[in-house]
Amino acid sequence: MRIAQVSPLHERVPPLLYGGTERIVSYLTEELVRQGHDVTLFASGDSITTARLVPCSRNSLRMDESCIDPIPHHLLMLERVFRMAGQFDIIHFHIDYFHFSMSRRHHLPHVTTLHGRLNIPDLVPLYQEYSEVPVISISDSQRAPLPWLNWLGTVHHGLPKDLLSFNPKGGDYLAFLGRISPEKGVDAAIEIARQSGIPLKIAAKIDKANHDYYENMVKPRIDGHLVEYLGEIGEKEKPDFLGNALALIFPIDWEEPFGLVMIESMACGTPVIAFARGSVPEVIRDGVSGFLANDVQEAVQAAKSAASLSRQSCRSYFEKNFSASRMAEDYLAVYRRLVSDANRPPARCMEKVSATEPQRQYMAGRLRSLCN
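Residues numbered from 1 in each chain as written. Predicted model: local features only at pLDDT ≥ 70, side-chain atom pairs only at ≥ 80, totals over all residues. Heavy atoms only, no water.

Things to note about unusual backbone geometry
Applicable threshold: Each helix is a run of H or I in the DSSP string that is no shorter than four residues. Each strand is a run of E no shorter than two, and both are numbered from the N terminus.
In this chain, V13 is followed by P14 through a cis amide linkage whose omega measures -5°. Looking at the secondary structure, you find P14 in the loop between β1 (2-6) and α1 (20-34). Phi angles above zero are rare outside glycine, and D96 is one such case at about 60°. Among the structural elements, D96 can be located in the loop between β4 (90-93) and α3 (100-104).

As structure tokens, this is what we get:
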């Protein structure tokens with residue numbers, strides 16, 4: 001199958017450091033190539049892939065200090081995508097809604113994975129306008145704000161099985177990995193460490209928008225002993241950071257669409273202690289790959305019980321449910337359905353209808369709309 005993957009340009013594929021969407025685009029692209037498909041990746045020019053790369057910016061935009069506005073780069077990328085559209089059987093977008101207007105005007109099989117939050121009022125009129133666009137969710141819970149969209153399925157994220165090595169022993173600290181922001185609950189993670197007496201290591205990036213939150217709510221509570229901040233880490237550091245942890249702490253304060261770090265932790269055999277919001281109950285199996293908690297107090301008790309969980313069972317749960325090969329097969333099933341529908345001949349229109357003249361005019365109009 002000839003497949004185009006269209007990635008955001010904010011990070012390279014795969015990202016050097018933080019970047020969930022671009023990381024999933026990479027895992028999916030490489031698995032599709034491994035399975036023998038002809039894949040073209042539209043991404044930043046510094047991306048690394050075995051697919052055919054169409055560079056749409058010189059570098060990833062977050063790392064490019066000369067980039068002030070990322071939108072023009074994405075619009076130019078879309079011009080290249082649609083100029084080459086006839087070369088593909090299916091185009092898979094990962095850039096939210098940027099392409100919706102152009103996709104509506106081109107008759108080609110396409111699908112969009114929505115990677116972000118959908119509970120934003122500004123999105124409602126936009127998705128109402130483009131409610132026919134075929135989309136895929138990354139968790140069932142992600143759909144809740146917009147259940148009436150043209151959902152074709154839910155595809156949970158997956159990782160290559162050999163990406164993160166299994167650590168059967170673990171360690172004696174709690175890990176927090178990702179982004180420092182109020183919705184990620186770093187302050188709650190610190191409180192869990194304080195009440196449980198178990199050290200916490202934080203490896204996370206700080207966006208400019210969350211600088212004040214870090215300065216006021218996080219930094220004053222970092223003492224270098226019970227709570228330690230390591231900065232932002234990359235792919236190479238993750239196996240040691242996650243694998244040597246007693247548990248990953250994921251105390252989110254929002255409806256998380258997926259939470260890639262949870263399956264990264266499980267791949268290392270490290271259980272996850274997470275607040276049961278958003279996608280969390282779909283990803284974590286309580287008592288097997290971690291513990292679900294409703295508040296800090298429950299998370300504290302879970303942290304004290306984390307060592308009782310089997311790290312091998314945690315790894316096995318990951319392998320069964322969250323591999324890149326399973327993710328690719330799920331997407332391929334959607335691709336094939338869309339391509340099959342596009343190739344199906346249109347239904348014949350009725351040439352004669354026995355009816356009164358007003359009925360005939362009404363039905364003729366309806367038939368024309370159905371056949372277009």
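From this point, things continue past the structure.
Description of the layout of surface pockets
To keep it simple, the criterion reads: Using only the protein atoms, space was sampled on a 1 Å grid; points where a 1.4 Å probe fits but cannot get out form cavities, open sets with protein on both sides within 12 Å along at least five of seven lines form pockets, and lining residues are those with an atom within 4 Å of a point. Grid points are joined across faces, edges and corners, and a volume is the space filled by probe spheres set on the points. Three classes are used, and their members are as follows: Ala, Val, Leu, Ile, Met, Phe, Trp, Tyr, Cys and Pro are nonpolar, Asp, Glu, Lys and Arg are charged, and the others, Gly among them, are polar.
By volume, the second largest pocket amounts to about 460 Å³. The wall of the second largest pocket is formed by 13 residues, among which H106, H107, L108, P109 and H110 lie closest to the centre. Sorting the residues of the lining of the second largest pocket by element identifies α3 and α12 (324-343) as the ones contributing at least two each. In terms of residue count, the dominant contributor to the lining of the second largest pocket is α12 (three residues). Looking at side-chain class alone, the lining of the second largest pocket contains six nonpolar, four polar and three charged residues.

Some details on the sheet that holds strand β12 (residues 272-275)
Which entries qualify depends on this criterion: One bridge is not enough; two strands pair if DSSP finds at least two bridges between them. What counts as an axis is a line fitted to C-alpha atoms, over the stretch in contact for a helix, and the angles between N-to-C directions run from 0 to 180 degrees.
With parallel pairing, the six strands of this open sheet are ordered in space as β10-β9-β8-β11-β12-β13. Edge positions in the sheet fall to β10 (227-231) and β13 (290-293), since each has one partner strand and no second. In this sheet, adjacent strand axes meet at a mean angle of 25° when their direction is disregarded. Bridge analysis of strand β11 (residues 247-250) against β12 gives three bridges, and the strand direction is parallel. Bridging across to β12, L248 finds its partner in V272.

Concerning the side chain of H115
Formally: Under the rule applied, a polar contact is a pair of N or O atoms within 3.5 Å (in protein, one hydrogen donor and one hydrogen acceptor; residues adjacent in sequence only if both atoms are side-chain atoms). Any pair of residues with heavy atoms lying within 4.5 Å of one another is described as a contacting pair.
Mapped onto the elements, H115 comes out in the loop between β5 (110-114) and α4 (123-129). Here H94 takes part through its side chain, which lies 2.9 Å from a polar atom of the side chain of H115. Look past the residues within four positions of H115 in its chain and what remains in contact with it is T21, I24, H94, I138, Q142, H157 and P257.

Digging into the packing of aromatic side chains
Rule in force here: Only the six-membered ring of Trp is used, alongside the rings of Phe and Tyr, when aromatic pairs are assigned; centres must lie within 6.5 Å, and planes under 30 degrees apart are stacked while those over 60 apart are edge-to-face, with the rest tilted. When accessible area is computed with a 1.4 Å probe and restricted to protein chains, residues below 20% of their type maximum are described as buried, those above 50% as exposed, and intermediate ones as partly exposed.
On inspection of all chains with the given rule, the structure shows eleven aromatic pairs. With a centroid separation of 5.7 Å and 50° between ring planes, the pair formed by Y214 and Y229 is classed as tilted. Note that Y214 is positioned in helix α6 (residues 211-218) and Y229 in strand β10, a separation of 15 residues in sequence. Overall, the relative accessible area of 10% leaves Y214 in the buried class. Consider the rings of F258 and F322, whose centres lie 6.3 Å apart with planes at 70°: the pair is edge-to-face. Here F258, found in the loop between β11 and α8 (260-267), pairs with F322, found in the loop between α11 (311-321) and α12; they are 64 residues apart in sequence, far enough to count as distant. Both residues of the pair, F258 and F322, belong to the buried class. By the ring-pair criterion, three or more aromatic residues cluster together here, those being Y97, F98, F100, Y127 and Y130.

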